[in-house]
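An overview of the molecular structure
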Amino acid sequence: MENLFLYTLNFSKWANSIYVNYQQNNWLLDPSLPITRERLVKHRKKLWKSLENHKSENIHCDLRRFRNSCMLSIMTRDYLQLSNLEENLSSISHLAELCIQSAINHSIFIESKKYGVPKENSGEVAELFIFAMGKLGGYELNPASDVDLIFIHSDNGKTNPLVTDQEPIENSLFFSKVIRRFTNILSLNTSDGYVFKVDLRLRPNGDFGPNSISVDALEKYLFSNASNWERFAWIKSRIIYAP
């Protein structure tokens, strides 16, 4: 496996810095085989099993190291012409999805401990859905791409406190806090770099709108207030997170 990385190391200082550390810790992903979603999941489970546990306290560090390990192998396959453009974009898109899922599960867990479980007006647990838009929605993500996301929750309501000293908050506020934590996990630049930059500007009303709105509110917006380009943007959308 080492020889396959040598060509990449000649062209990238980033690859050199990643390779030295990751090779010593046996964190590398073999680039000789196509990097499919299944391989990414197995790689995560083998070396970063903590990412499958929403209680992980090292998610910032572990997500970045998982991402870097996978990106180095994707880059190597590209440089050695072992993969085509479609495979490269698909591999990066699958990697982003897995990172997004780990980050959102952790964020919901942390905010639920602070504010309780969000409930719909009917009493059912309110659920959060993530739609991938743009390049991620079309499996066309490249290494420099932001991830364009829209967050929708099932219904309005309030949180149900887990302990007596907690105050309930509106679901929209709860999920906004979840999304802010989620964005920080993925986009904060640390000594290990960042995972992916998150762009929420395609949401209803853009920067002026809440980070998450209910399904009913989204429907009303699309039929009554959305511009044509906003409706067209949904053509490439797909759900990448649903409980």
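All of the points below concern the structure found in this document. (Residues numbered from 1 in each chain as written. Predicted model: local features only at pLDDT ≥ 70, side-chain atom pairs only at ≥ 80, totals over all residues. Heavy atoms only, no water.)

**Remarks on the nonpolar core**
Leu63, Leu136, Leu149, Phe151, Phe182, Leu186 and Phe196 are the most contacted members of the largest nonpolar core, which totals 52 residues. Here this core takes 9 residues from helix H5 (residues 85-115), the largest share from any one element. Setting aside residues up to four positions removed in sequence, Leu149 forms contacts with Ile100, Ile130, Phe131, Ala132, Leu136, Phe182, Val198, Asp199, Leu200 and Ile240. By size, the runner-up hydrophobic cluster in this structure holds 7 residues, among which are Phe131, Met133, Ile150 and Trp234. (Core = buried A, V, L, I, M, F, W, Y, C linked by side-chain atoms within 4.5 Å. Buried < 20%, exposed > 50% of the residue type's maximum accessible area, 1.4 Å probe, protein only. Helix = DSSP H or I, 4+ residues; strand = E, 2+ residues; numbered from the N terminus. Contact = heavy atoms within 4.5 Å.)

**With respect to unusual backbone geometry**
Positive phi, close to 60°, is recorded for Asn26, a residue that is not glycine. Position of Asn26 relative to the elements: it lies in the loop between helix H2 (13-24) and helix H3 (37-47). Residue Asn26 is classed as exposed on the basis of its relative accessible area, which comes to 52%. Positioned with a positive phi, Gln81 is a non-glycine residue whose angle comes to about 60°.

**Comments concerning the pattern of salt bridges**
Across all of its chains, the model carries 9 salt bridges by this definition. Salt-bridge contacts for Glu97 lead to Arg37; the nearest nitrogen and oxygen are separated by 3.3 Å. One end of the pair, Glu97, is in helix H5; the other, Arg37, is in helix H3, and 60 residues separate them in sequence. With relative accessibility at 5%, the residue Glu97 sits in the buried group. (Salt bridge = Lys/Arg side-chain N within 4 Å of Asp/Glu carboxyl O.)

**Observations concerning the side chain of Arg238**
Topologically, Arg238 is positioned in strand S7 (residues 238-241). Residue class for Arg238 comes out buried when judged on its relative accessible area of 15%. Side-chain polar atoms of Arg238 contact the backbone oxygen of Leu136, separated by 2.8 Å. Apart from residues lying up to four places away in sequence, Arg238 is in contact with Glu97, Ile130, Phe131, Ala132, Leu136, Gly137 and Tyr139. (Polar contact = N/O pair within 3.5 Å; in protein donor to acceptor, adjacent residues only side chain to side chain.)

**So, the packing of aromatic side chains**
Under the defined criterion, the tally for this structure stands at 10 aromatic pairs. Where Tyr7 meets Phe11, the ring centres are 4.9 Å apart and the plane angle is 45°; that geometry is what we call tilted. Residue classification places Tyr7 among the partly exposed residues on the basis of a relative accessible area of 39%. The exposure class assigned to Phe11 is exposed, which follows from its relative accessible area of 54%. Each ring, one from Tyr22 and one from Trp27, has its centre 5.1 Å from the other, and the planes form 85°; the classification is edge-to-face. Its relative accessible area of 2% is what places Tyr22 among the buried residues. What links up through ring pairs into an aromatic cluster is the set Tyr22, Trp27, Trp48 and Phe66. Geometry around Tyr194 places Arg67 over its ring, the cationic atom sitting 5.9 Å from the centre. (Phe/Tyr/Trp six-rings, centres within 6.5 Å; stacked < 30°, edge-to-face > 60°. Lys NZ or Arg CZ within 6 Å of the ring centre and 35° of its normal.)

**So, H3**
Where H3 is concerned, the buried positions are Arg39, Leu40, His43 and Arg44. Summarising the axial view, the buried residues of H3 lie within an arc of 135°, below the 170-degree limit, and thus occupy one face. H3 presents Glu38, Lys42 and Lys46 as exposed residues on the side facing more than 90 degrees away from its buried surface. Looking at the buried side of H3, the elements it contacts are helix H4 (59-79) and H5. (Arc of directions from axis to C-beta.)

**Considering the pairing of strand S1 (residues 117-120)**
Alternating positions in S1 separate cleanly, Pro118 and Glu120 being buried on one face and Val117 and Lys119 remaining unburied on the opposite face. In terms of strand pairing, S1 meets strand S4 (residues 157-160) through 4 bridges, oriented antiparallel. Across the sheet, residue Glu120 finds its bridge partner in S4, namely Gly157. (Pairing = 2+ DSSP bridges.)

**Examining a nonpolar patch on the surface**
Judged by side-chain polarity, Tyr7, Phe11 and Tyr79 come together as a nonpolar surface patch covering roughly 320 Å² of accessible area. With respect to the element layout, Tyr7 can be found in helix H1 (residues 2-9). (Patch = residues over 30% accessible without salt bridge, like charges linked within 9 Å, V, L, I, M, F, W, Y side chains within 5 Å. Areas by Shrake-Rupley, 256 points an atom, 1.4 Å probe, with all protein chains shown as cover.)

**Some remarks on the side chain of Ser73**
Structurally, Ser73 can be placed in helix H4. With residues near it in sequence (within four places) discarded, Ser73 still touches Phe5, Leu29, Asp30, Pro31 and Ile35.

**As for the packing of H4 against H5**
H5 packs onto H4 with a crossing angle of 175° between their chain directions and a minimal axis gap of 10 Å. Judged by the angle between their axes, H4 and H5 are roughly antiparallel. Facing H4, whose interface residues are Ile59, Leu63, Phe66, Arg67, Cys70, Met71, Ile74, Arg77 and Asp78, H5 presents Glu87, Asn88, Ser91, Ile92, Leu95, Leu98, Cys99, Ser102, Ala103 and His106. Looking at the contact of H4 with H5 residue by residue, the class counts come to 11 nonpolar, 4 polar and 4 charged. (Axes fitted to C-alpha atoms, helices over the stretch in contact; angles between N-to-C directions. Parallel < 35°, antiparallel > 145°, perpendicular 65-115°, else oblique. Nonpolar A, V, L, I, M, F, W, Y, C, P; charged D, E, K, R; others polar.)

So far we have only geometry, and geometry alone does not tell us how the molecule works.
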